[in-house]
Structure formats: C-alpha cells, structure tokens
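Given next are the chains, with one letter for each unit.
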Amino acid sequence: ITNVGNFGSTISDTSPHSASQIFISEDGVYNTRARVLGGGSAINAGFYSRAEPEFARDAGWDEDLVRRSYDWVESKVAFEPPVRQWQSAVRDGLVEIGVLPYNGFTYDHVQGTKIGGTIFDDQGRRHTAADLLGYANHRTIKVYLHATVSRILFTRRGRRWANPRAYGVVFEDALGIKKRAFLRPHPQNEVILTAGALGSPQLMMLSGIGPALHLKSHGIHLVLDQPNVGQGMADNPMNLLYVPSPVPVEISLIQVVGIPPGQNTYIETASGLSFAYSWAQGFARDYVTFFNQSGKPSSLTAETMAKAIDTVHAYANTSLKGGVILEKVKGPLSSGDLKLRSRSPRDNPSVTFNYFKDPQDLRGCVEGMRSIVNMINSPSFARLRYANLPVQALVDLMLNLPVNLRPRHVSSSISLEQFCIDTVMTIWHYHGGCQVGKVVDRDYRVVGVDGLRVIDGSTFLKSPGTNPQATVMMLGRYMGMRILQGRPPVNLRRLRGRFPASWRRRWHSHIP
C-alpha cells in the first residue's frame, strides 16, 4: 500500500507486478489503471470530496440515502488533513485573487476555496476501498486475490427469460489456470461488475456484449449487439506548472481546492514530490511503445526527447523544494471511445479521450491557467517562489518536460490555448464506457441482459465534483443498500424446479 511519501514512485512504477499498470491513450497521454484490490483508491493522490448536489439529482438517486452512504464511507476511510506551509500559501493565494468564499475544511463540493478530505490518516497511511471489506459479514463473503476475470458466462436456457442471463464468471488464478464461479439458484442473484472505467467495458466486450462488428473482428461470440459499450470515454484534462521553491516544503498531496466563480475549472496543488527519475528512465521506452502500438508516425524528434530527459535530470535534485499547481477542467464535454486490442483481460485496450475536442473544455483550461498564474503572482505565495523566476520561465520549463508524447509547437510559450493542448496530462479521473441511459439503466442493470449490473465510474456521464473516488465508494454503499432493500425473502426449495437441471448443477459447482 502506498503512503504519502512514496505516492510518486508507486504510481509511475511500470514493473509487471506493480500496483499500477501504465497505459498510453491514443492521444499520446500517459495514464494509469490500478491492478490491485481497492482499485484506484490504492494508488491515487487520496483527495476525498463529495459530488456536487446536482450530480445526485441528475442521477435520480435518493438524496437522503446518498448522504447516509457518504457519512458511512467517511466514518471508515476519510480524514481531515494537516495543512502546512505550501498548502496554506496556495489557499491564501486563491482567496487573495478572489476565489471566494473561504469554506474551511469540508467534504462538500462548494464554490470558493476549501480544504478537502483525504484517505491518508495522520500518520500518512493510506486507507482504501478495500478497507471497507472489513465491515462485511465474513461468513457470507469470499475474496479471491490474484484472480483475473476473463469473461462473464451467459445462458438463454429456460422459457422464462427472453434475454441472455449472467450465471457466473471465468477467471484465471496467479498461475494462469482457468476456473469458474457460479451464482447460487436464486432469481435475484446477480453478477456485479466493478472493474472501473477501463476494465468494465473491456470485460463486457470480452464476454460478448458490445459493438457486433468489433467483437466479430476479434473472434468473440456475440451475446448482445450493444454499440454503446466503450463509448463516451472521457478523461478530465489536467495542466500544471511546476514551481521551484527557495525553501524546503512539506510532502503533501491534494488538500486545497479552489473553484473560481464563473469558471469551468478546479485548482489544486501538491508539494515535495518528484516524478523526475521515473520520467527520465521510462520516457524513451514508452515513446517507442506508443508509436509501435498505434502505428502513428513519430511527432517528436530524437533531439526533443534528449532535451526533455536532460531537463528532467537538471530538476531532479529540487524534488523536495517546490510543488505543482494544477487545474482540472470540469466535466469534460469532450469524449472518445475504447476498443479491444486483444482477447486478454490483462492487456490494455485502445483508448481515445479526444482532449479539448470541445472548445468549451479548452476555454476552461485557459481560465484555469490564468487563475494559476494570478495565484503564483499573489503576495501570499511570494515567500515560496524565486523572485527572479518569472511565470514565463515556468511555462517554458513545462514545455521542456516529457509530460506526454504530444508534439510541442513554437506558439506554446506565448499561447495558453496551445500550451494546454501540448502539455495536457491526466488527473486519473477517466470515466464512461458503460454509461447510464446507454448501457445500464438507473438501477445499473445492463440493458438487454438479465442478472448483470455495472456499478463503478464507467457508468458516469461526467466526473463528479473535484475528485470521483468519494462518489464511487459512496455508490457502492448506496447500491448495496438499494439492492438489499429490494430483495424479499425467497424459499429456495420452491425455486429449484424452475431452473434447468444442468444450470442447477452449475450453480452448485462453487470454487471451494
């Protein structure tokens, strides 16, 4: 489990058995998917903040149950962070430039400047969604580690069901041996898919639910032609400035957030971190990997690569002196799609996010970068920056860092629009692929099949609030309560004769 101090090295670890699995989108942007119990909450920056109130209303959720579900999650894994010099200076600078009101510490999504929650406790130890399993009934739950699901099993047997019905899964253990797990014979039992915004649409396609022609091209048996699986993939674009400091600063992850009035962006910050050596060591390799997998012509020269790596090494020794100030575009409105590369669930799919395809997203980035510039120039932040280092020098620095695999344009140093396009990064808030109203209904049941739900960020139409993890964990609790409330007791003996004998045998063939 990552703690505050080793966040950077963990999330940029690309070894085969690391907690994070790097992937590079077709946009040329580095990204990460979690491959560990707890999902993204096991490798992220830990910021905890609820969704905006209209997010719950738009989703049709019971607002009282939403509040109680947030409260439950927060009592288990959320904390108030200590706010030290770097975070305090950014907080004061945001208030000084008019990001008002100042709301203090709160989990709520509110306009202005606030201190949000964190899943790191006062010792810097991470608490993840996996911690919530400790509150489950240990007599009725089994957790299989090192198990990778390769497909969901469906049947059409029985006259009672016009739709295909999920009845189990195929998975591989750590040795690559395939095994099966089946549902017990109960009409309300379901397979619940929670593999995330990449894993859920990928697994749906591997199981035969997706665009018919695309599945046919991979030799996958079609269960349901569902062209919306893999569509609506979006990733909130992030752009930032690295600000060297004349004095040492604390190691901190996201704590302060500013929501400027009338803007389409959020401002956040972290300090005392360095991805320098990870960037330098992996840049050339990932560059080659990306263009080999995409078949696209190279847009970065060898000279550009060498200059970027030299710049990284030059700033590596300042890793504990300075921090990053970033903006995240709300929504976003731009979206793309996800397609399979292979039939292996362990392989990354091909993902395109189409950053800044919608002009409103680009305007949001420009607004956010202007707020960052104003904050850096504020008197409240003056003691943590070099007086003789203008903001233009910080812009030029970012243009020389290998933050992505996109080309750099001459106009990037003078045009914030081009700077946003050329230096776009991920903030790891990607979502979509199994969206509500397109792939699943408002109860998160997959439309057109029975016995299958998807409950994770792949169902979102936009990213909730400044950070989605609180809402994803809340949704798990919320839907668990909804499902249990909707299940009357059923006499299993009366049900046995209603299902095919072969299926009953399958149901009872549980993995020990």
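If you check an unreviewed UniProt entry, the protein chain appears there as Glucose-methanol-choline oxidoreductase N-terminal domain-containing protein from Linum tenue. Quoted verbatim from the Sequence similarities (unreviewed entry) heading of the UniProt record, the comment on the protein chain is "Belongs to the GMC oxidoreductase family." Here is the UniProt Cofactor (unreviewed entry) comment for the protein chain, exactly as written: "FAD".

(A) Local environment of the overall build of the protein chain. The helix and strand inventory of the protein chain stands at 14 helices and 21 strands. Counting across all 512 residues of the protein chain, residues that qualify as buried make up 54%. If you take every contact in the protein chain between residues at least 6 apart in sequence, the share linking residues at least 24 apart comes to 72%. Roughly 22500 Å² of accessible area belongs to the protein chain as shown, and the carbon and sulfur atoms make up 53% of that amount.

(B) Representation of the sheet that holds strand S14 (residues 237-244). Within the open sheet, the 7 strands sit side by side as S4-S5-S15-S16-S17-S14-S20. Their pairing is mixed. Taken across any chain shown, the strands that pair with only one partner, and hence form the sheet edges, are strand S4 (102-105) and strand S20 (425-426). Pairing geometry for S4 and strand S5 (residues 112-115), over 2 bridges, is parallel. By the bridge assignment for S5, Tyr 102 is matched with Thr 113. Each of S4, S5, S14, strand S15 (256-259), strand S16 (265-271) and strand S17 (322-329) is contacted by helix H4 (residues 85-96), which is oriented at about 155 degrees to S16, the strand it contacts most. Helix-sheet contacts for helix H9 (residues 359-376) involve S14, S16 and S17, and the interaxial angle to S17 is about 150 degrees.

(C) Inspection of the packing of aromatic side chains at higher detail. According to the stated counting rule, one finds 13 aromatic pairs in the structure shown. A centroid spacing of 5.9 Å and a plane angle of 45 degrees characterise the contact between Trp 61 and Tyr 478, whose relative ring orientation is tilted. With a gap of 417 residues between them, Trp 61 in the loop between helix H2 (53-59) and helix H3 (63-77) and Tyr 478 in helix H12 (residues 469-485) connect regions that are remote in the sequence. Each member of the pair, Trp 61 as well as Tyr 478, carries the same accessibility label: buried.

(D) Just unusual backbone geometry, in detail. Cis geometry is found at the peptide bond from Leu 100 to Pro 101, where omega equals 0 degrees. Along the chain, Pro 101 turns up in the loop between H4 and S4. Here the bond from Gly 331 into Pro 332 is cis, since omega is -15 degrees, no more than 30 degrees from zero. At Asn 354, a position not held by glycine, the phi torsion is positive, near 55 degrees. Structurally, Asn 354 can be placed in the loop between strand S19 (350-352) and H9. On the basis of relative accessible area, Asn 354 is assigned to the partly exposed category, the value being 24%. Phi is positive for Phe 356, close to 65 degrees, though the residue is something other than glycine. One can find Phe 356 in the loop between S19 and H9.

(E) Local environment of the nonpolar core. The biggest cluster of nonpolar side chains holds 114 residues, and the ones touching the most others in it are Trp 61, Met 204, Leu 241, Ile 325, Ile 376, Phe 381 and Leu 452. Residues within four places of Leu 241 in sequence aside, it is in contact with Gly 323, Val 324, Ile 325, Met 369, Ile 372, Ile 376, Val 391, Leu 394, Val 395, Met 398 and Phe 419.

(F) How the structure looks around the state of the cysteines. Under the definition given, this model contains 1 disulfide. One disulfide in the model links Cys 365 with Cys 420; its S-S distance is 2.1 Å. Negative torsions about the S-S bond denote left-handed disulfides, and the value of about -90 degrees found for Cys 365 with Cys 420 makes this one left-handed. Within this pair, whereas Cys 365 is found in helix H9, its partner Cys 420 is found in helix H11 (residues 416-422), the two being separated by 55 residues in sequence. Judged on exposure class, the residue Cys 365 and its partner Cys 420 are both buried.

(G) Highlighting the UniProt feature "binding site: FAD" (unreviewed entry) in the protein chain. Taking the numbering used here, the UniProt-annotated feature "binding site: FAD" (unreviewed entry) corresponds to Val 36, Val 149, Trp 428, His 429, Gly 457, Pro 468 and Gln 469. Residues contacting Val 36, with those up to four places away along its chain left out, are Ala 19 and Ala 42. Assignment of secondary structure puts Pro 468 in the loop between strand S21 (452-454) and H12. Given a relative accessible area of 14%, Pro 468 falls into the buried group.

Rules used in this analysis
Residues numbered from 1 in each chain as written. Predicted model: local features only at pLDDT ≥ 70, side-chain atom pairs only at ≥ 80, totals over all residues. Heavy atoms only, no water. UniProt positions renumbered as here; feature names shortened; annotations may be inferred. Helix = DSSP H or I, 4+ residues; strand = E, 2+ residues; numbered from the N terminus. Buried < 20%, exposed > 50% of the residue type's maximum accessible area, 1.4 Å probe, protein only. Contact = heavy atoms within 4.5 Å. Areas by Shrake-Rupley, 256 points an atom, 1.4 Å probe, with all protein chains shown as cover. Pairing = 2+ DSSP bridges. Axes fitted to C-alpha atoms, helices over the stretch in contact; angles between N-to-C directions. Phe/Tyr/Trp six-rings, centres within 6.5 Å; stacked < 30°, edge-to-face > 60°. Core = buried A, V, L, I, M, F, W, Y, C linked by side-chain atoms within 4.5 Å. Disulfide = S-S within 2.5 Å.

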